[in-house]
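Fold and contact review
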Amino acid sequence: MVQLQKPPYVYMGGRITPWDEATIHVGSEALIRGISVFEGIKGYWRHDGSEFALLALREHYDRLLRSAELQHLPCAITFEEFREACISLVRRLLIKERDLWLRPTLFAVQGHWGEDTVTDLVITSYHQDKKRPDPIDIGISTWQRPSDSALPARIKAAANYQIGRFARIEGRRQGFSDMVMLNSAGRVAEASGSCVLIVRNGKVVTPPWHEGCLESITVDTIEALCQSLQIPFERRPIDRTELGIAEGACLAGTLMELGRVRRIEARKLREHCPVLDRIEDEFWACVRGQRMHPAVRLTTV
Ligand code: PMP
């Protein structure tokens, strides 16, 4: 559980800071209105333990800037500064036995209703097990993914996770570790912190962004891997009932990685789905440096 860790250091105010000193004022918009945008970045040890690398650093920086722009948060940090900040924190916290997940967050630390906004980039990082995620049981939430004109999924903002939190609490009571949220049309949007991929007739299918999902970096990577593996991949709306007949399903995201779905509500899925097995093997081989792929960009620390 990343939430329960208390690492000794955080990046804040342009420098490495002890965890206990990394505080934000109670009067800031970051707190009173939950104004922040963030990223989740995964770092992997190579398969032989010789190097540690951050995955898709540039893509995450670019999305952070897009979120900041849409949320009216100024961000003057260059990519080089961002990269150096991530690397400096990783070097403080890295241990041989575990991978890391980084959470760069741009907080509104001064300003009022979007006027005179001042931001600060804070990066926290947490240890992660090196093993592949276990299969998961998921439900379908009664909470709805808001539309682009209500709470845009494209902005990776703290506020978006209010709905995901509702869904998770609902799911936990029913014995599910995550929940699929539907959009206002009753079609599949995304899960609380990841995107949904299903397999139909040997083809990988995922909802396009306008169905209410984040512009996922992991999904883009999987699309590119599918192209190389000659596995058909399609972005199209997914009906709720398709979850009841899919040959396989997984949740995809930086922290979730590829979480194979074992059960959707009452329906148990087959243990093996050859298409997902092949994608998973390729994904893990690439992020662990056993194979190279142009879509899997690693920054060695
Ligand atoms: N949807 C939500 C709500 C998420 O929080 C995430 C994780 N960032 C994703 C989808 C997957 O995005 P990515 O693959 O870029 O991590």
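Below, the structure is looked at part by part. The structure presented is a predicted model; accordingly, all values stated were derived computationally and were not measured.

When you go through the protein residue by residue, the secondary structure sums to six helices and 17 strands. A compact globule built from 301 residues should have a C-alpha radius of gyration of about 19 Å, and the protein, at 19 Å, falls within 12% of that. Overall, the C-alpha framework of the protein stretches about 50 × 45 × 30 Å when taken along its three principal axes. For the protein, the residues scored as buried account for 51% of the 301 residues in total. Taking contacts inside the protein between residues at least 6 apart in sequence as the whole, the part at least 24 apart equals 67%. When the accessible area of the protein is evaluated, it comes to approximately 14500 Å², of which 51% is carbon and sulfur surface. Seen as two clouds, the 40 positive and the 39 negative side-chain charges of the protein have centres 4 Å apart.

Moving on to a positive patch on the surface. On the surface, Arg165, Arg168, Arg172 and Arg173 cluster together into a patch of positive charge. Within the secondary structure, Arg168 is located in helix α4 (residues 161–173).

Near the ligand you find 15 residues, and of these Arg63, Tyr161, Ser216, Thr218 and Thr254 are the closest. Within the side chain of Glu190, a nitrogen or oxygen atom sits 2.7 Å from a nitrogen atom of the ligand. Interatomic distance of 2.6 Å between a side-chain N/O atom of Ser216 and an oxygen atom of the ligand. Contact with the protein chains covers 94% of the free accessible surface of the ligand, which is 380 Å². Residues belonging to the shell around the ligand are distributed by class as follows: five nonpolar, seven polar and three charged.

Turning to helix α2 (residues 57–70), a few remarks are in order. With 14 residues, α2 should cover 20 Å at 1.5 Å per step; its first-to-last C-alpha distance of 20 Å lies within 8% of that length. By the burial criterion, the buried members of α2 are Leu57, His60, Tyr61, Arg63, Leu64, Ser67 and Ala68. Looking straight down α2, one finds that the buried residues subtend no more than 165° of arc, so they occupy a single side. In the stretch just after α2, His72 is the one whose phi turns positive, near 60°.

A word on unusual backbone geometry. Its identity as a non-glycine residue notwithstanding, Trp113 has a phi of 50°, on the positive side. For Trp113, the position within the fold is in the loop between β6 (99–112) and β7 (115–128). At Glu257, a residue that is not glycine, the phi angle is positive and equals roughly 60°. Mapped onto the fold, Glu257 is located in strand β15 (residues 257–264).

Relative to the elements of secondary structure, Glu211 occurs in the loop between β12 (203–206) and α5 (217–229). Each C-alpha atom, one on Glu211 and one on Ala252, is 16 Å from the other, the two residues being 41 residues apart in sequence. With residues up to four places along the chain from it excluded, the contact list for Glu211 reads Asn183, Arg187, Val188, Ala189 and Pro237.

Conventions and cut-offs
- Residues numbered from 1 in each chain as written.
- Predicted model: local features only at pLDDT ≥ 70, side-chain atom pairs only at ≥ 80, totals over all residues.
- Heavy atoms only, no water.
- Helix = DSSP H or I, 4+ residues; strand = E, 2+ residues; numbered from the N terminus.
- Rg over C-alpha atoms; globule rule 2.2 N^0.38 Å.
- Buried < 20%, exposed > 50% of the residue type's maximum accessible area, 1.4 Å probe, protein only.
- Contact = heavy atoms within 4.5 Å.
- Areas by Shrake-Rupley, 256 points an atom, 1.4 Å probe, with all protein chains shown as cover.
- Lys, Arg positive; Asp, Glu negative; His and termini not counted.
- Charge placed at Lys NZ, Arg CZ, Asp CG, Glu CD.
- Patch = residues over 30% accessible without salt bridge, like charges linked within 9 Å, V, L, I, M, F, W, Y side chains within 5 Å.
- Salt bridge = Lys/Arg side-chain N within 4 Å of Asp/Glu carboxyl O.
- Near = heavy atom within 4 Å.
- Polar contact = N/O pair within 3.5 Å; in protein donor to acceptor, adjacent residues only side chain to side chain.
- Nonpolar A, V, L, I, M, F, W, Y, C, P; charged D, E, K, R; others polar.
- Expected span 1.5 Å × (residues − 1).
- Arc of directions from axis to C-beta.

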